[in-house]
Amino acid sequence: MNSEQPDRERLAERLQEDWEALRSVGDLFTGTALGYSAEQLRPGSGWPEDLQDTPIILAIDGPSIALTVAARTARDLALVLTDEPDLVREVLNKAGRPEVPVSPDPEAIVDLVMSTERPKRWIGLGSADHLTQVVDSDLVGRLRVTQLQVPSGAAPILAAAAAGRLALDLVSANPADGESGPAVAIAAALLLPFVDFHQVNVGVDESGRFQLQHDGFQLWWGITKEPGALQAWVDRAIS
């Protein structure tokens, strides 16, 4: 780090101090624009967790563009759960990630999750099967899940989030992004700026998919709105 680069830790401390100051001052000016701004900071209950450098578990159906993107961009990728371990192993090796273990068994997360007290990031692509197999375990409270819209099986996941046992964010692939669309979950978990998040009320439809529902549980739900932003990132990752 040269002398002109900001100290990231100090910058984070200053941002947190400003955030806490705004919440405190807002209490003195209820009914004003300042008070309203302060209220918008309260739903999250506290300063966001620092998930930088925490291990990433990727749950994926099989080989895909998104898998290659994860291998190339997620340096903290620590485990891939999949029902096609041999094919996924080949992709990871070609992407220069032979050190990342692959398993079809969700129980493979136990040692990783228990290795430290820090939370672990979980990126779910495709089926929710792997997550539903661990959602009732004691381990789930240590996961910070970014889940792509699922074809079915959303009910137990949403129930765990509503009960306060699971930290869950949702993302949807933008149809305009084509085959690269599912990579939005990786971009979201890495906090890339082109993923737009909004708090919405979420329920489950008859097919077991997440849906917007006026009396549902409030979650953050993200999508890419800027045309081409995701594709440009994906292209750089796989080139």
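Relevant structure appears above.
Just so it is clear, the model here is predicted, and its values are computed rather than measured. Counting restarts for each chain, with residues numbered from 1 along the sequence as it is written. Where local features are concerned, this predicted model is filtered to residues with pLDDT of at least 70; where side-chain atom pairs are given and counted, the filter is 80 or more; whole-chain, interface and lining totals use all residues. Side-chain metrics rest on all non-hydrogen atoms present in the structure, leaving aside hydrogens and water.

To continue, consider the side chain of glutamine 147. Structurally, the position occupied by glutamine 147 is in strand S5 (residues 143–148). According to the relative accessible area criterion, glutamine 147 is buried, its value standing at 1%. Only 3.3 Å separates the side chain of glutamine 147 from the backbone oxygen of glycine 124, close enough to count as a polar contact. The contact criterion used throughout is that any non-hydrogen atoms of two residues lie within 4.5 Å. In contact with glutamine 147, not counting residues within four places along its chain, are Trp122, Gly124, Leu125, Gly126, Leu131, Leu168, Asp169, Leu170, Val171 and Phe210. Helix numbering and strand numbering both begin at the N terminus, where a helix is a DSSP run of H or I of at least 4 residues and a strand a DSSP run of E of at least 2. Exposure is judged per residue with a 1.4 Å probe applied to protein chains only, and the accessible area is read against the type maximum: over 50% gives exposed, under 20% gives buried, and values in between give partly exposed. Polar contacts, as used here, are pairs of N or O atoms within 3.5 Å; protein pairs need one atom able to donate a hydrogen and one able to accept it. Residues neighboring in sequence count only if both atoms are side-chain atoms.

Planes of paired rings set the category: under 30 degrees apart is stacked, over 60 is edge-to-face and the rest tilted, where pairs are Phe, Tyr or Trp rings (Trp by its six-membered ring) whose centres lie within 6.5 Å. Applying the stated rule across the entire model yields 1 aromatic pair. Ring geometry for phenylalanine 194 versus tryptophan 233: centroids 6.0 Å apart, planes at 55°, classification tilted. Note that phenylalanine 194 is positioned in the loop between helix H8 (184–189) and strand S7 (195–204) and tryptophan 233 in helix H9 (residues 229–238), a separation of 39 residues in sequence. Classification of tryptophan 233 by relative accessible area gives buried; the value is 10%.

Another point: the packing of helix H3 (residues 65–73) against helix H4 (residues 85–94). Viewed as axis vectors pointing N to C, H3 and H4 meet at an angle of 40°, and their least axial separation amounts to 9 Å. On the basis of the axis angle, H3 is oblique to H4. Of the two possible hands of crossing, H3 and H4 adopt the one that is right-handed. Residue-level contacts link Leu67, Thr68, Ala71 and Arg72 of H3 to Val88, Val91, Leu92 and Lys94 of H4. For this classification, Asp, Glu, Lys and Arg are treated as charged, while Ala, Val, Leu, Ile, Met, Phe, Trp, Tyr, Cys and Pro are nonpolar and the rest, including Gly, are polar. Here the contact of H3 with H4 is built from residues that sort into 5 nonpolar, 1 polar and 2 charged. Axes here refer to lines fitted to C-alpha atoms; in helices the fit is confined to the stretch in contact. Angles between the N-to-C directions go from 0 to 180 degrees. Throughout this description, any angle smaller than 35 degrees is read as roughly parallel, any larger than 145 degrees as roughly antiparallel, any in the 65 to 115 degree range as roughly perpendicular, and the remainder as oblique. Handedness of a crossing follows from how the near helix is turned relative to the far one, being left-handed for an anticlockwise turn of less than a right angle and right-handed for a clockwise one.

Before going further, it helps to examine the nonpolar core. By convention a nonpolar core is built from buried Ala, Val, Leu, Ile, Met, Phe, Trp, Tyr and Cys residues, the set being connected through side-chain atoms within 4.5 Å. Counting residues in hydrophobic clusters, the biggest one holds 34 residues, and the most contacted among them are Leu58, Leu125 and Trp233. Among the secondary structure elements, those contributing two or more residues to this core are strand S1 (56–59), H3, strand S2 (77–81), H4, H8 and H9. Beyond its immediate sequence surroundings of up to four residues, leucine 58 is in contact with Leu67, Ala70, Leu77, Leu79, Val80, Leu81, Ile123 and Leu125. If you look at the next biggest cluster of nonpolar residues, it comprises 29 residues, including Leu139, Ala154, Leu158 and Leu168.

Another point: the pairing of S1. The alternating pattern of S1 places Ile56 and Leu58 and Ile57 and Ala59 on opposite faces, both of which are buried. As paired strands, S1 and S2 are joined by 4 bridges and run parallel to one another. Bridge pairing in S2 links alanine 59 to leucine 81. Considered for its hand, the β-α-β crossover made up of S1, H3 and S2 is right-handed. Note: two strands are recorded as paired if DSSP finds a minimum of 2 bridges between them. Sheet topology places S1 next to strand S4 (residues 120–124); 4 bridges connect them, and they run parallel. What sits directly across from isoleucine 57, in S4, is tryptophan 122. With the strands pointing away from the viewer, any crossover whose connection runs clockwise from the first strand over the helix to the second is right-handed.

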